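Read off the chains here:
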Amino acid sequence: MSPNRRIGVYVCWCGGNISDVVDVKKVVEVISKESDVVVAKDFMFMCSDAGQRMIEEDVKEKKLDAVVVASCSPKLHELTFRGAVTRAGLNPYMYYHANIREQVSWAHGNDPAEATRKAIRHIRAGVAYLRHAEPLKKIEVKAARSVLIIGGGVAGLRSALDLSRMGLNVYLVEREPFVGGNTAKLWEVYPYKRKGWEVIDSILKDLLGRDNVAIYTNAEVRSVSGYLGNFEVKVEIKPRGFRGRCEDLERVVSVCPIKVPNEYDFGLTNRCAIIAPPYPGAYPEIPSIDWKNCVKCRKCAEVCDQIELDDEVQTVRLKVGAIVVATGFRPYEPRQGEYKYGSSERVLTLPQFMKLVERSGGELKLGNRTIRTVVFIYCVGSRQVPSGDEKVNSYCSRYCCNAVMNLSVRILDRFNGLKLYHLFRDIRTYGKHELMYEEACKKGVIFIKYDENQPPEVLVSGKRTIVRVRDLLTEREELEIPSDLVVLVTGMEPTPNEKLNEILKLPIGKDGFYQEMHPKLKPVETTLAGMFIAGACQGPKDIRESVLSSSAAAAKAATLVLPGRIELEPFTALVDPERCNLSKRCVDECPYGAIQIRRYEGLGEKAWVNEVLCKGCGACVAACPNGAINIRGLTNVQIEEMIRAAGRE
Amino acid sequence: MGVMDQILEKAVEEEEAVSYDVLVVGGGIAGESASLDLADMGFKVLLVEKEPSVGGKMYLLSKVFPTLDCASCISTPRMAAVSHHPNIILHTYSEVLEIRKLSESDFQARILVKPRFVEDDCTGCGQCEKVCPVVVPKEYDFGLRGRKAAYIPFDTAVPKKALIDLDHCIFCGQCERTCPVGAVNFLQVPKVVKVRVRAVLIATGYELFSIERKTEYGYGKFKNVITAMQMDRLLAPTRPFNAVLRPSDGKEPSSIAFVLCSGSRDRTLNNPICSQVCCMYSVKQAQLLMGALPLADVTIYYMDIRAFGKGFEEFYQQAKAMGAMFVKGRVAKIEETENDDLVLWYEDIENGGRISKAVHDLVVLSVGLKPNSEIVEVFKGEVLERDELGWIRSRDENVNPVETSIKGVFAAGCVLGPKDIPDTVLEAGAAAAQVAAYLNEVGV
């Protein structure tokens, strides 16, 4: 028999989130009659300081030895209340968190009476749990004071610099041959007239040469094992194919027979299978072979002695305490024929147009033609209206309005006689970016609002390109705009990363971007302990927002690994050696390799659990034919008693 | 000059006694989040809040977009956490008077700790509130209801301790006689504490735009024209009337209008920028109102709907699907009818740009944000720079937006520019990282 407990039960209104549906007064009345329940109370916000203080005072005054709080999801506040009971002198695990918001009031808003009964059942189960609970102790492990960063764009680099400056060891893994990501490819970015690569360069200047930073390019994460504080990571590094810089790179490039679209100008031109440093200050500063497209004809090796085509892939194994994922975005690639993209050379995406501008001298030209009129079509690949089962990007890509406004102002300053038409749905130059919109208006950009159900049409006949659109601002007048160039203001999509996603198992949201733990209060945390998301892989962001989120991720990673040790939850499997008959089924079942056979004194060989590796999944509990294994904090007896209590009428 | 001001003039200067790693100014969600990150990394934090409770503006909100979490539910734990963390010392009802940079990573700060006239023994039982005979408008409800002169700021205040508003107190002494622990002490004196800190983080947030200045909208004159912050209070779990009622006659409104860009994107008011949050909080309030008042019509008058953040566009589409009406056009003026209804004059852009009129029985002005950056004045020696509109200037918007013009002084949240809660929390985290990196580099 379990000892008599003195249990306190606290029912939260959650403002009205719970109490608008659940009759909290009735719940308190019923529960206060349960055996072992010494006190039961309700309160508007149990998680507030006042609520926590009430619990602490009750624990001391009424000599409680266990506490149930019935409120929101334990994901939100289990730790809050464990803290409160600990301050009052109880063991933090003499606590049960009953979820009567997500699982009751929110789920059964249309049936208050049944919701109230369900809340009572939840709490009764909690009381039963605590009758059989025992004080537990956290498991303390050492944490590696190092962090892995996946992705070397502006976000990854910012995180790396912050963590390095905080005194942690940093390993940065970049899949491409150069760091810098999308940012490095951009022309002048707002709010200063700085080029994308200059932004990257100003971070790199600080980062390179720090002795606690290792940067791997042409590298990919192949496996991640271990746990928070002690991840083991395998990274594969492809050779660059170059031992050093080439004397005459132009000649080397010219002998290569391969032609593929050049991703560094978004496919505007072609490149060969040798990728030269694509912008000033690119890191590393030596070229790389593009192994995917190289046919090893060795013509390049004949003209340059720095080239080595037979180096092997290297593998490094890293031990890190935390992981920051900063894999960024890719620009939306319009479908073939979407606004004549792909079929007319006079239809470009926004990133391609930026490259065109960057390359132009005093005159904006496409081929030999001078460009006088440009039509920008907004929201291409963003805010798509769903039709049928087709997967669409229903989200707003956030940065595009600002980017196109900035670009327009800059090109109007630079080229004479340009006429710009912006075909938009809403102008979302939020915050201070509004000033760029104002400037664009003043400089004579013409804004035409289109209806998402009647999008513009691009018509090409011979040498003429015409954009037809109905303007909502002038009584849906149909306009035909002859244009030299149509620019599709394309949004962001998550970088495709199937292999990495399989390895990390990070949760992914409906929009395809990584899902944060809580959109407001935990924007860089994920449900996987020790793994953080930074930059545009979490959702569209501009440069400023990306570096903020990566610094925030760095802060969170640092709070975990800076102290050098981490406490793990004690909910691990425990073998009763006297009941174990060495069936070894648990050893086979355990997905984490946490169970071994060991010699116990006086009992011989029996199963034994390495509690640092054990995740408390319970597979061994179910497999054991003798019922010799229990999970601490969730024993078989507790589960049975909870079911019995919840089922009671 | 009020009684309190006279008392504050007599503050007693204390000798410098303690030093901290970081001084965080402002106890809203930005200051709290950054303080907790820094404290978790092992730094000693001094958090100073000028109001009698931490919580800032976020605490006041009802549910927050785009997930409709209850704001107080998710912010109260963070408020409680800063008061419990062993590495955080919290001074509420205190103001920073002076910050002087002595040398790299060495700042001297003077902080005025105002007297609450209630000792720390206060248990927050609220007996003093009950007996106090004086009623004044409650700051936390933007005047929608009253509070006493002896009062606890709100139910879940941190610290949950009473204070006495001496400017309105009539010295009847009832609170003193009633207090069960004898905590009321009218003889408390203000003190000025001197501290040394190695870094400073400014998180003083924003003020609401004073929309009285837009006289065409009649705020302050027409009873049924309220601000969106007042609407948020009407919708909050700690709401004053437990219902949404219009002020003039206590009637449930049946036709509610939102006027977006009230005090934003408006050169005539010298605030040309967009306030970044008003579209979304209005869309949120529209959704909540359709739940609270199923029969009421909700119309949103807008210039552009700026649903730019993660999940925002979907949230906007949801409001449309629920039946909120969106009218593109700026409201030119508002007039009051005899029965306190309101006539909105606006340009109906999607219908040929005609000048149109519509009658509503409650109008919500979606007011913008203004910087709360007067803190720059306490800096002595070096200048903490602001931009033309008064927001703290970032040293580098692209590379490190939370650094300011003074090395060792950082900023986060709305004091840098208008922003929503997700962006504020990101900035707070970023600031914590930059402070930690700075402290680690400058050494002890």
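Residues numbered from 1 in each chain as written. Chains lettered and ligands numbered in written order. Predicted model: local features only at pLDDT ≥ 70, side-chain atom pairs only at ≥ 80, totals over all residues. Heavy atoms only, no water.

A. Spatial organisation of the overall build of chain A. The secondary structure content of chain A amounts to 17 helices and 36 strands. Along the first, second and third principal axes, the C-alpha atoms of chain A reach 90 × 70 × 40 Å. The 649 residues of chain A split such that 58% are buried. When contacts within chain A are restricted to residue pairs at least 6 apart in sequence, long-range pairs at least 24 apart make up 69% of them. Total accessible area on chain A is roughly 27800 Å²; 48% of this is exposed by carbon and sulfur atoms. A distance of 1 Å separates the average location of the 92 positive side-chain charges in chain A from that of its 83 negative side-chain charges. (Helix = DSSP H or I, 4+ residues; strand = E, 2+ residues; numbered from the N terminus. Buried < 20%, exposed > 50% of the residue type's maximum accessible area, 1.4 Å probe, protein only. Contact = heavy atoms within 4.5 Å. Areas by Shrake-Rupley, 256 points an atom, 1.4 Å probe, with all protein chains shown as cover. Lys, Arg positive; Asp, Glu negative; His and termini not counted. Charge placed at Lys NZ, Arg CZ, Asp CG, Glu CD.)

B. Inspection of the packing of helix H14 (residues 543-561) of chain A against helix H9 (residues 421-442) of chain B at higher detail. Closest axis-to-axis distance for the H14(A)/H9(B) pair is 7 Å, and the angle between their directions is 60°. It follows that H14(A) is oblique to H9(B) by the angle criterion. Considering the relative orientation of H14(A) and H9(B), their crossing is left-handed. Here Arg544(A), Leu548(A), Ser549(A), Ser551(A), Ala552(A) and Ala555(A) of H14(A) come into contact with H9(B), specifically with Leu426(B), Glu427(B), Gly429(B), Ala430(B), Ala432(B), Ala433(B) and Gln434(B). In the contact of H14(A) with H9(B), the residues fall into 7 nonpolar, 4 polar and 2 charged. (Axes fitted to C-alpha atoms, helices over the stretch in contact; angles between N-to-C directions. Parallel < 35°, antiparallel > 145°, perpendicular 65-115°, else oblique. Left-handed = near helix turned anticlockwise from the far one by under 90°. Nonpolar A, V, L, I, M, F, W, Y, C, P; charged D, E, K, R; others polar.)

C. Spatial organisation of the nonpolar core. Of all hydrophobic cores here, the largest spans 241 residues; its most connected members are Phe353(A), Ile377(A), Tyr378(A), Leu423(A), Ile334(B) and Leu365(B). By size, the runner-up hydrophobic cluster in this structure holds 51 residues, among which are Val22(A), Val27(A), Val67(A) and Leu90(A). (Core = buried A, V, L, I, M, F, W, Y, C linked by side-chain atoms within 4.5 Å.)

D. Here's a closer look at the domain arrangement of chain B. All names here are of chain B. Here chain B is described as being made up of domain 1 (3-114 + 189-205 + 372-442), domain 2 (116-188) and domain 3 (209-369). Opposite the 19 residues of domain 1 that make contact, domain 3 presents 24 residues. Across the interface of domain 1 and domain 3, roughly 1800 Å² is buried in total on both sides, 73% from carbon and sulfur atoms. When the buried area of domain 1 at its contact with domain 3 is split by residue, Ser62, Phe65 and Pro418 rank highest and sum to 32% of it. (Domains from an automatic or database assignment. Buried area = accessible area lost by both parts, 1.4 Å probe.)

E. Seen up close, a negative patch on the surface. Judged by side-chain charge, Glu247(A), Asp248(A), Glu250(A) and Asp305(A) come together as a negatively charged surface patch. Here Glu250(A) shows up in helix H8 (residues 249-255). (Patch = residues over 30% accessible without salt bridge, like charges linked within 9 Å, V, L, I, M, F, W, Y side chains within 5 Å. Salt bridge = Lys/Arg side-chain N within 4 Å of Asp/Glu carboxyl O.)

F. Quick look at the packing of aromatic side chains. All told, the structure shown has 20 aromatic pairs over all chains when counted by the stated rule. Arranged with centres 5.5 Å apart and planes meeting at 85°, the rings of Tyr93(A) and Phe571(A) form a pair that is edge-to-face. Placement of the pair is Tyr93(A) in the loop between helix H3 (74-87) and strand E4 (95-99) and Phe571(A) in the loop between strand E32 (565-568) and strand E33 (573-575), with a sequence separation of 478 residues. You can call Tyr93(A) buried: its relative accessible area is 4%. Members of the aromatic cluster, each reached through a chain of ring pairs, are Tyr378(A), Phe424(A), Tyr437(A) and Phe447(A). Sitting over the face of the ring of Tyr206(B), Lys57(B) holds its NZ or CZ atom 5.1 Å from the ring centroid. Over the aromatic face of Tyr151(B) sits the side chain of Arg147(B), whose NZ or CZ is 3.8 Å from the ring centroid. (Phe/Tyr/Trp six-rings, centres within 6.5 Å; stacked < 30°, edge-to-face > 60°. Lys NZ or Arg CZ within 6 Å of the ring centre and 35° of its normal.)

G. Molecular detail of a nonpolar patch on the surface. A grouping of Leu634(A), Ile639(A) and Ile643(A) is seen on the molecular surface, where their side chains present a nonpolar patch of about 260 Å² in accessible area. Along the chain, Ile639(A) turns up in helix H17 (residues 636-647).

H. Up close: the environment of Lys296(A). All names here are of chain A. Positionally, Lys296 belongs in the loop between strand E16 (288-289) and helix H9 (299-303). Look at Lys296 and you get partly exposed, because its relative accessible area is 39%. Sequence separation of Lys296 and Val547 is 251 residues, and the distance between their C-alpha atoms is 39 Å. What Lys296 contacts, discounting residues up to four positions off in sequence, is Trp291, Leu309 and Asp310. Looking at Lys296, its side chain comes within polar contact range of the main-chain oxygen of Leu309, at 3.1 Å. (Polar contact = N/O pair within 3.5 Å; in protein donor to acceptor, adjacent residues only side chain to side chain.)

I. Expanded view of the interface of chain A and chain B. Contact residues are listed per partner, giving 82 residues for chain A and 86 residues for chain B. Taken together, both faces of the contact between chain A and chain B bury some 6600 Å²; the carbon and sulfur share is 54%. In this assembly, chain A and chain B are joined by 16 salt bridges. Where chain A meets chain B, there are 41 residue pairs in polar contact (both at pLDDT 80 or more). Secondary-structure elements contributing two or more residues to the side of chain A that touches chain B are helix H2 (49-61), H3, helix H6 (154-165), helix H7 (196-207), helix H12 (434-442) and H14 of chain A.

J. How the structure looks around helix H2 (residues 29-40) of chain B. All names here are of chain B. For H2, spanning 12 residues, the distance from its first C-alpha to its last is 16 Å, which sits close to the expected 16 Å at 1.5 Å a residue. Burial within H2 is extensive, with 11 of its 12 residues counted as buried. Within the span of H2, buried status applies to Ile29, Ala30, Gly31, Glu32, Ser33, Ala34, Ser35, Leu36, Asp37, Leu38 and Ala39. Just beyond H2, the residue with positive phi is Gly42, at close to 105°. (Expected span 1.5 Å × (residues − 1).)

K. Layout of the pairing of E4(A). Residues and elements named next belong to chain A. Most of E4 is tucked away, with 5 of its 5 residues classed as buried. Here 5 bridges tie strand E3 (residues 66-71) to E4, and the two strands are oriented parallel to one another. Residue pairing across strands places Ala70 opposite Ala98, the latter belonging to E4. Of the crossover connections in this fold, the one passing from E3 over H3 to the parallel E4 is right-handed. (Pairing = 2+ DSSP bridges. Right-handed = clockwise from strand over helix to strand, strands pointing away.)

L. Spatial organisation of the pairing of strand E34 (residues 595-600) of chain A. Two elements, E34(A) and strand E35 (residues 604-609) of chain A, share 6 bridges in a ladder whose sense is antiparallel. Following the sheet pairing, Tyr600(A) is matched in E35(A) by Gly604(A).

M. Inspection of the sheet that holds E3(A) at higher detail. Residues and elements named next belong to chain A. Here we have 4 strands laid out as an open sheet, ordered E2-E1-E3-E4, and parallel in their pairing. Of all the strands in the sheet, just strand E2 (37-43) and E4 have a single pairing partner and so form its edges. Recorded for the sheet is a direction-independent mean angle of 15° between the axes of neighbouring strands. Looking at chain direction, strand E1 (residues 7-12) and E3 are connected through 5 bridges and run parallel. Paired with Tyr10 across the strands is Val69, a residue of E3.

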